[in-house]
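# Secondary and tertiary structure notes
Chain by chain, the residues run as shown.
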Amino acid sequence: LSQIRADLDALIGLEAVKEQVRTIIAFLEMQAQRRAHGLADVAVSQHLVFLGNPGTGKTTVARLVAETYGSVGLLKSGHLVEVDRAGLVGQYVGHTAAKTQRAVHKALDGVLFIDEAYALSPARASGHDFGAEAIETLLKRMEDHRDRLIVIVAGYPKLMNEFLNSNPGLRSRFAREISFDDYLTDELVAITAKLVSDAQYRLGEGSHRALTTIFEEMRRTDRFGNARVARTLFEQAINVMAVRLSQSQSQSQSAATLDRAQLSTLEAVDFLEAAIRVRGA
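The present account deals with the structure reproduced in this document. This is a predicted model, so every value here is computed, not measured. Numbering of residues starts from 1 in every chain and runs along the sequence as written. Per-residue local features of the predicted model are confined to residues with pLDDT of at least 70, and side-chain atom pairs are confined, for both listing and counting, to 80 or more; whole-chain, interface and lining totals are unaffected and use all residues. Note that the side-chain values use all heavy atoms of the structure and ignore hydrogens as well as water.

Every helix listed is a DSSP run of H or I at least four residues long, and every strand listed is a run of E at least two residues long, numbered separately from the N terminus. Helices and strands together make up the secondary structure of the protein chain, namely eleven helices and seven strands. Counting only C-alpha atoms, the protein chain reaches 70 × 55 × 30 Å along its principal axes. Only protein chains enter the area calculation, which uses a 1.4 Å probe; residues under 20% of their type maximum are buried, those over 50% are exposed, and those in between are partly exposed. Considering the protein chain as a whole, with its 281 residues, one finds that 44% of them fall into the buried category. The contact definition used throughout considers only heavy atoms, calling two residues in contact when any of these lie within 4.5 Å. Pairs at least 24 residues apart make up 76% of the contacts formed inside the protein chain by residues separated by at least 6 positions. Accessible surface is estimated by sampling points in the Shrake-Rupley manner with a 1.4 Å probe; for residues, cover comes only from the protein chains shown. Of the roughly 14700 Å² of accessible surface on the protein chain, 49% is carried by carbon and sulfur atoms. This count recognises Lys and Arg as positive and Asp and Glu as negative, with His and chain-terminal groups excluded. We put the charge of a Lys on NZ, of an Arg on CZ, of an Asp on CG and of a Glu on CD. Averaged over its 33 positive side-chain charges, the protein chain has a centre that lies 4 Å from the centre of its 34 negative ones.

This part covers the pattern of salt bridges. Salt bridges are defined as contacts in which a side-chain nitrogen from Lys or Arg sits within 4 Å of a carboxyl oxygen from Asp or Glu. For the coordinates displayed, the defined rule picks out 15 salt bridges. Across the pair R148 and D109 runs a salt bridge whose closest N-O atoms are separated by 2.9 Å. Here the residue R148 occupies a position in the loop between α5 (131–144) and β4 (149–155), and D109 occupies one in the loop between α4 (95–107) and β3 (110–114), the gap between them amounting to 39 residues. Take R148: its relative accessible area is 37%, and that puts it in the partly exposed class. Across the salt bridge formed by D270 and R244, the nearest N and O atoms sit 2.8 Å from each other. Note that D270 is positioned in helix α11 (residues 268–280) and R244 in helix α9 (residues 227–252), a separation of 26 residues in sequence. Judged by relative accessible area, which is 0%, D270 ranks as buried. A single salt-bridge network, built from bridges that share partners, covers D9, E19 and R22.

Remark on secondary structure: sheet strands pair via backbone hydrogen bonds, oriented parallel or antiparallel. DSSP-based pairing: two strands are paired if at least 2 bridges between them are found. Taken in spatial order, the five strands make up an open sheet running β2-β3-β4-β1-β5, and their pairing is parallel. With one partner strand each, in any of the chains shown, β2 (80–83) and β5 (176–180) form the two edges of the open sheet. Neighbour-to-neighbour, the strand axes of the sheet open up by a mean angle of 20°, direction not taken into account. Note that strand β1 (residues 48–52) and β5 share five bridges and pair parallel. Looking across to β5, one finds that G52 is bridged to F180. Structural elements are reduced to axes, namely lines fitted to C-alpha atoms, with helices fitted over the stretch in contact, and the angle between N-to-C directions of any two is expressed from 0 to 180 degrees.

Before going further, it helps to spend a moment on the environment of V104. As for its position among the elements, V104 is in helix α4. Between the C-alpha atoms of V104 and R279, which are 175 residues apart in sequence, the distance is 39 Å. Non-local contacts of V104, meaning those with residues more than four positions away in its chain, are made with L112, L138, R141, H145 and L149.

Regular strands show a simple pattern: their side chains alternate between the two faces of the sheet. Among the five residues that make up β1, five are buried, leaving the element largely enclosed by the rest of the structure. What you see with β1 is no split at all: L48, F50 and G52 on one side and V49 and L51 on the other are buried throughout. Relative to β4, β1 runs parallel, the two being bridged by four bridges. Across the sheet, residue L48 finds its bridge partner in β4, namely I152.

The buried category is assigned to D109, whose relative accessible area is 13%. Residue contacts for D109: discarding those within four places in its chain leaves L75, K76, S77, G78, H79 and R148.

What helix α8 (residues 207–217) keeps buried is the set S207, A210, L211, I214 and F215. When α8 is viewed along its axis, its buried side chains cluster within an angular range of 125° and face the same direction. Summarising the geometry of α8, the exposed residues directed more than 90 degrees from the buried face are R209, E216 and E217. Of all possible arcs, the one meant is that of the directions from the helix axis to the C-beta atoms.

Of the pockets and cavities examined, the largest pocket occupies roughly 640 Å³. Grid points spaced at 1 Å and placed over the protein atoms alone form the basis of the search, with a cavity being a set where a 1.4 Å probe fits but cannot get out and a pocket an open set showing protein on both sides within 12 Å along at least five of seven lines. Lining residues have an atom within 4 Å of a point. As for the largest pocket, its lining consists of 28 residues, of which G55, G57, T60, Y183 and A227 are closest to the centre. Looking at the lining of the largest pocket, the elements with two or more residues in it are α1 (2–10), α3 (58–71), α7 (185–198) and α9. When residues of the lining of the largest pocket are assigned to their parent elements, the largest contribution, four residues, is made by α7. Grid points are joined across faces, edges and corners, and a volume is the space filled by probe spheres set on the points.

This part takes up the nonpolar core. Put simply, a nonpolar core is a bunch of buried Ala, Val, Leu, Ile, Met, Phe, Trp, Tyr and Cys residues held in one set by side-chain atoms that sit within 4.5 Å of each other. By size, the foremost hydrophobic cluster in this structure holds 50 residues, and its most contacted members are F50, V61, Y69, I152, F215, L233 and F271. Considering every element that reaches this core, the biggest residue donor is α9, with eight residues. Look past the residues within four positions of Y69 in its chain and what remains in contact with it is I24, L28, Q46, L48, L74, L75, V111 and I150.

See the structure below:
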């Protein structure tokens, strides 16, 4: 658990989410200690709803939560199985129940994480859609395997509310709803800087200021990719840097090998050009 706490604390931003996860950890620790003393467990549902836009860390936190359940002995394994609609819903009669059961079987003794779970909602389905069957099958398996399976459903806040209201027994199965806010500009800059550092690059002079300007100017709709945008920007900046260095060598007509600093420094111009590519994508 100490490592899980360290990993949680190392996440950039998400302070409200971290506080909720710390509450879950504290409760599970107390339950584990009660079991050690032969005291009864409190029968509390551990299924969760994660509400947030793309790239706000939902999958990362789900993995930490799964590891927590495993560490305290609530689940034997504590592994995470991630699926979406395609992993649960079939294309013909009788196919959906089998697909959903296979997903549940893989997740037994761990956590089944259903991303964009609102796509299962009958309100968003055509007349020949089997999303409702997937939900019914999932609800039954959640009850059948209540000691071996925890389900986390995730997606856009508004659409997830529609999903939870689509079946009378659905919302009541989930103990807690955790909201993942969009990252602030300084958090996105910090995320990008971490990506840069983890890949053994460094930010050149003016790069931090350029990143701040880029993220401040980005349009923040409910489709904004948050950390995914930061990663895409970083990856594009590496490509821009490679072209810049290659052209510099060609213009100087030098065959000399680039030094370590040149190969590891991302300049402000790299990010500014990368931002144009990201906006145009």
